[in-house]
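Below are the chains, spelled out letter by letter.
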Amino acid sequence: MIAGNPASGKVYIGRVGAFPTGDIIVINDQTTNISATLPVSYQPSAIAVNQATNRIYVVPWAPVDTMYIINGLTDNLTEVVASSQSFYRMDVAVNQVTNKVYIAGYMWAGGPYNIYLSIFRGDTYTYTPTLDLGSGSNWAPRIAVVTSTNKIYVTGQNAVLVIDGSSDVVSSTIPVGLYPQDIAVNPTTNYLYVANRDSNSVSVIDGLSDSVVATVTVGISPKAIALNPMTNRIYVANNGDGTVSVIDGASNIVSTTVSVGGTPSMLAVDTALNRVYVGTGTHLKAIDGDTNVVYEPALVYQPSHAYSYLQDLSVMASHKVYVADRHGYDDYGWWYILADIDLSASTVEAAPTVVAADNVSQSTITVTLRDSLGVPVSGVAISITASGSGNTITGSGTRTDSNGQMTGLLQSSVPEQKIITATLPEGVSLANTTVVTFARYATVDTTTGGMITDTTSSGATIMIQIPVGAVTTTTQLLYTPILTTSSTPSSTFAFAGYAFSLNAYQNGAYVPLIFTNPITVFIEYTNADVINLNESTLTLYYWNGTRWASDGIVVVERDAERNRIVVTLGHLSEFALFGQITYRVFLPLVMR
């Protein structure tokens, strides 16, 4: 028993407590937080929302003449009694134009089930006399309201009864199949569709003539029916064979039958995304309305237990699907399921992408969730993880806001590249990741210098010496090793195994610094780094945006015996060591 009000962004879920009590929880769809818990004397059975008046009507599953009304603005609950007939209430629906509420249910005294319909006026808080809709084996009537014609359709004993909304009397009875289980209306075509459980069929009713114009054979024991008026497709949940029949509303022919497994018993349609959600007992399945492909949507919240037995579904304009579930006789848990997260379109971004590995400096990680239409998805708790070690992450587990975004902060004490991953609550990660480099660093100012040292995996070492007076204000110099390069200064030069970048930050902001006094770079390479290279030509180059250049870099020392090169430089960039390739000529040996 779930209903949502897209106008207010609230979702109402009825829960069962210790018999005969229960409660209604009110959830803010944007934040997915519970804004109110409203105890009721009797277990809720069905919920309907009048968006025009922002009133929510809850009927109990009990042989009483009670209804609960919630003020959607204040979340205050009022109990209204004194209808003209006590009965077990099974369904409730609202005509938002006339502000009338229709309540259908049954009474049973050991014989046939008697169907009743009560009509409540939302403007005067009064009831009209209850209608007796006949007796038989059907004890679960369902209601469909057509506001354009002011007609109300109620499933009864192998028939659908039509109530004139103006006079509140039965205007006609339409014979349908055996045990009509559910009913849905297409407001665009004014056609109604009735799932006949014991006839394995769907009766198609023309709302203009109130007559059956087609009977469509579907799967075994159809229990629920829903439709997408934008595509004129009707979906029938066949409880007996684990399928969903898809009816083409233009031809009234089953265009395809989709296998979903389990015992399908409830449906909800996201018309904008053209997605159909199916409760199959212990699983929730989704059908892509364009391709009829079945998949399991991303679970973004769940209570302490897994699925037990799904009770009801509701889709909000945010494209979240809310699911009510029963876990034991008196334990109705709740959670919501994300209807459609586009794992590829959703993003993970970091700023800055180069940070000092001082366990203080931070990179802000921003995760943005979008659905397949590019609409931001709010209210989803996102976990942020980073590869490597020495990491501290704050904000992981925060829910996305109205822009579909959440942020976290990452800091680390270990200099290395970190791959940042964002994961949904059910363990599925976004396709996109990002990288933050935590760098070795030195903090220098006008009176102190500094030094950065590093050792490569091949055993080469580098030392960067920043002299006193190299900067005019306190500066954090970040050093990042680079594994390789994608180009060389010319075809006669090759990479000598060492590359790095230097970046400077002042007051946490990147600056394109020019050193007042040049810094000195000492590189001690290995023999393996310079195989087939002329060591006397080794030079440190920088990337100027289009090519490798060496202007402004002064070679102070080249020592081939010690595998050492020393240079000075005065600016920031990406740097790499290159040398000229040594070509050897082999002459043939001629034996006489």
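Quick notes on the rules
Residues numbered from 1 in each chain as written. Predicted model: local features only at pLDDT ≥ 70, side-chain atom pairs only at ≥ 80, totals over all residues. Heavy atoms only, no water. Helix = DSSP H or I, 4+ residues; strand = E, 2+ residues; numbered from the N terminus. Rg over C-alpha atoms; globule rule 2.2 N^0.38 Å. Buried < 20%, exposed > 50% of the residue type's maximum accessible area, 1.4 Å probe, protein only. Areas by Shrake-Rupley, 256 points an atom, 1.4 Å probe, with all protein chains shown as cover. Pairing = 2+ DSSP bridges. Axes fitted to C-alpha atoms, helices over the stretch in contact; angles between N-to-C directions. 1 Å grid on protein atoms, 1.4 Å probe; cavity = no way out; pocket = protein on both sides within 12 Å on 5 of 7 lines; lining within 4 Å. Points joined across faces, edges and corners; volume = space filled by probe spheres on them. Nonpolar A, V, L, I, M, F, W, Y, C, P; charged D, E, K, R; others polar. Salt bridge = Lys/Arg side-chain N within 4 Å of Asp/Glu carboxyl O. Contact = heavy atoms within 4.5 Å. Phe/Tyr/Trp six-rings, centres within 6.5 Å; stacked < 30°, edge-to-face > 60°. Polar contact = N/O pair within 3.5 Å; in protein donor to acceptor, adjacent residues only side chain to side chain.

1. Overview of the overall build of the chain
- Scanning the chain from terminus to terminus reveals 0 helices and 50 strands.
- Taken against the 2.2 N^0.38 rule, which gives 25 Å for 592 residues, the C-alpha radius of gyration of the chain at 35 Å runs more than 25% over that of a compact globule.
- Taking the principal axes of its C-alpha atoms as reference, the chain extends roughly 115 × 70 × 40 Å.
- Going through the 592 residues of the chain one by one, you find that 53% of them count as buried.
- Accessible surface, the chain as shown: approximately 24,500 Å² in total, 51% of it carbon and sulfur.

2. A closer look at the sheet that holds strand β48 (residues 554–559)
- Ordered by their spatial adjacency, 5 strands build an open sheet running β40-β41-β45-β49-β48, and the pairing between neighbours is antiparallel. The strands lining the two open edges of the sheet, one partner per strand, are β40 (450–455) and β48. Strand-to-strand twist in this sheet, taken as the mean axis angle between neighbours without regard to direction, amounts to 15°.
- For β40 and strand β41 (residues 461–466), the ladder comprises 6 bridges, and the chain directions are antiparallel.

3. Describing unusual backbone geometry
- Note the cis peptide between Ala351 and Pro352, where omega equals -5°.
- With respect to the secondary-structure elements, Pro352 resides in the loop between β32 (347–351) and β33 (354–356).
- Even without glycine at this site, Tyr179 takes up a positive phi of about 55°.
- Of note, Tyr179 is situated in the loop between β16 (169–175) and β17 (180–186).

4. What to know about the layout of surface pockets
- Taken as a whole, the second largest pocket spans an internal volume of roughly 260 Å³.
- Along the wall of the second largest pocket there are 13 residues; nearest its centre are Gln417, Thr437, Thr480, Pro481 and Ile482.
- Counting residues per element, the ones that place at least two in the lining of the second largest pocket are β38 (416–423), β39 (434–444) and β42 (475–482).
- Among the residues making up the lining of the second largest pocket, the classes are represented as 7 nonpolar, 3 polar and 3 charged.

5. Points about the pattern of salt bridges
- With the rule as written, the count across this model stands at 13 salt bridges.
- A salt bridge links Asp23 to Arg15; its shortest N-O distance comes to 3.0 Å.
- For Arg15, a relative accessible area of 21% corresponds to the partly exposed category.
- Through salt bridges with shared partners, a single network forms among Glu524, Glu557 and Arg564.

6. A look at the environment of Thr257
- Within the element layout of this structure, Thr257 appears in strand β24 (residues 253–259).
- For Thr257, a relative accessible area of 48% gives the class partly exposed.
- Considering only alpha carbons, one finds Thr257 and Ser245, 12 residues apart in sequence, at a separation of 4.5 Å.
- Apart from residues no more than four positions distant in its own chain, Thr257 is found in contact with Thr243, Val244 and Ser245.

7. Focus on the packing of aromatic side chains
- Scanning the model with the defined rule gives 18 aromatic pairs in all.
- Consider the rings of Tyr106 and Trp139, whose centres lie 5.6 Å apart with planes at 75°: the pair is edge-to-face. Pair noted here: Tyr106 is in strand β10 (residues 100–108) and Trp139 is in the loop between β12 (126–136) and β13 (143–146), with a separation of 33 residues, a long-range link.
- Here Tyr106 falls in the buried class, since its relative accessible area comes to 8%.
- Measuring from ring centre to ring centre gives 5.8 Å for Tyr505 and Tyr510, while their planes differ by 70°; the resulting arrangement is edge-to-face.
- Owing to a relative accessible area of 45%, Tyr510 belongs among the partly exposed residues under this scheme.

8. Looking at the sheet that holds strand β25 (residues 266–270)
- The strand order across the open sheet formed by 4 strands is β25-β26-β27-β28, and the pairing between neighbours is antiparallel. Edge strands, defined here as strands with exactly one partner in the open sheet, are β25 and β28 (294–295).
- Where strand β26 (residues 275–279) and strand β27 (residues 284–288) come together, 5 bridges link them in antiparallel fashion. Paired with Val276 across the two strands is Ile287, which belongs to β27.

9. Considerations on the side chain of Ser203
- Positionally, Ser203 belongs in strand β19 (residues 201–206).
- Judged by relative accessible area, which is 2%, Ser203 ranks as buried.
- A polar contact is formed between the side chain of Ser203 and the side chain of Asn196, at a distance of 2.9 Å.
- Look past the residues within four positions of Ser203 in its chain and what remains in contact with it is Val176, Gly177, Leu192, Tyr193, Val194, Asn196, Val212 and Ala214.

10. Description of the pairing of strand β9 (residues 88–95)
- A large share of β9 lies buried, amounting to 7 of its 8 residues.
- Alignment of β9 against β10, held across 7 bridges, turns out to be antiparallel. Residue Asn95 lies in a different strand from β10, and its bridge partner there is Lys100.
- Connecting β9 to the antiparallel partner β10 that follows it, the hairpin turn spans 4 residues, and Asn99 within it adopts a positive phi of roughly 60°.

Any functional reading would require information beyond the geometric quantities listed.
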